[in-house]
Structures are given as structure tokens and as C-alpha cells.
Amino acid sequence: MADLATYTPPDGGAAVPCQVYVDRDSEMIGGLRQFVAGRVEIAYVRTAGFRPAFKGRVLVDGELYSNSKPISDDGSLSRWLVIRVTD
């Protein structure tokens, strides 16, 4: 089930509600793939007119993230590598 979140575009426009899937510690590293890195990915559920952008911000479960790199977009889900915002 997707989490409810609030997305703010990078131009500082009005925040909009959205649905997201948050994958924390999603990257395995090491020769035997035994270590978990602190990578966080967010998959936005795409709806009519909603398109996440580079440096857009999303607030989910009290955590604020900024989109840093697009991973994929199949028209229904837009997956991004995100960075936690601490300010």
C-alpha cells in the first residue's frame, strides 16, 4: 500500500498531495552483497498532470526528501533516488 505524502515542485509552487512507495536501504554492496547501503528510493504514483521533477521535495512519514536522480518512469510509477533534507 502506498504512503500518503506531500510533494512540492522545485520552483516553489503549491504543494500537492501524492502517493509514494519508499524503499530505504535498497542497495546491497560488497563482494558477497552482504552490506546494506543507506540509499533511499521513492516511487511516485503518477496521476493525471502529476510529474515529479529534479529537486522536487516530498514529505512522507515526517521525513523530507529531495529528488536527486531519476531511475525509471513507466507512466504509472516514477522512481527517484532521493536525498534526505535536514534543514
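Read on for an overview of the structure. Remember, it's a predicted structure, so these values are computed and weren't measured experimentally. (Residues numbered from 1 in each chain as written. Predicted model: local features only at pLDDT ≥ 70, side-chain atom pairs only at ≥ 80, totals over all residues. Heavy atoms only, no water.)

**Examining the nonpolar core**
Ranked by size, the top nonpolar core spans 14 residues in total, and within it Cys18, Val20, Ile42, Tyr44, Val58 and Tyr65 carry the most contacts. Of all the elements in the fold, those that place two or more residues in this core are strand S1 (3-8), strand S2 (16-24), strand S5 (40-45), strand S6 (57-60) and strand S8 (77-84). The residues contacting tyrosine 65, other than those within four sequence positions of it, are Arg24, Val40, Ile42, Gly56, Arg57, Val58, Val60, Val82, Ile83, Arg84 and Val85. (Core = buried A, V, L, I, M, F, W, Y, C linked by side-chain atoms within 4.5 Å. Buried < 20%, exposed > 50% of the residue type's maximum accessible area, 1.4 Å probe, protein only. Helix = DSSP H or I, 4+ residues; strand = E, 2+ residues; numbered from the N terminus. Contact = heavy atoms within 4.5 Å.)

**Details of the environment of serine 78**
Structurally, the position occupied by serine 78 is in strand S8. Distance from serine 78 to alanine 53, taken between C-alpha atoms, is 9.7 Å for residues 25 residues apart in sequence. Every residue in contact with serine 78, bar those within four places of it in the chain, is listed here: Ile42, Ala43, Tyr44, Arg46, Pro52, Ser72 and Asp73. Within polar-contact distance, the side chain of serine 78 engages the side chain of aspartate 73 at 3.5 Å. (Polar contact = N/O pair within 3.5 Å; in protein donor to acceptor, adjacent residues only side chain to side chain.)

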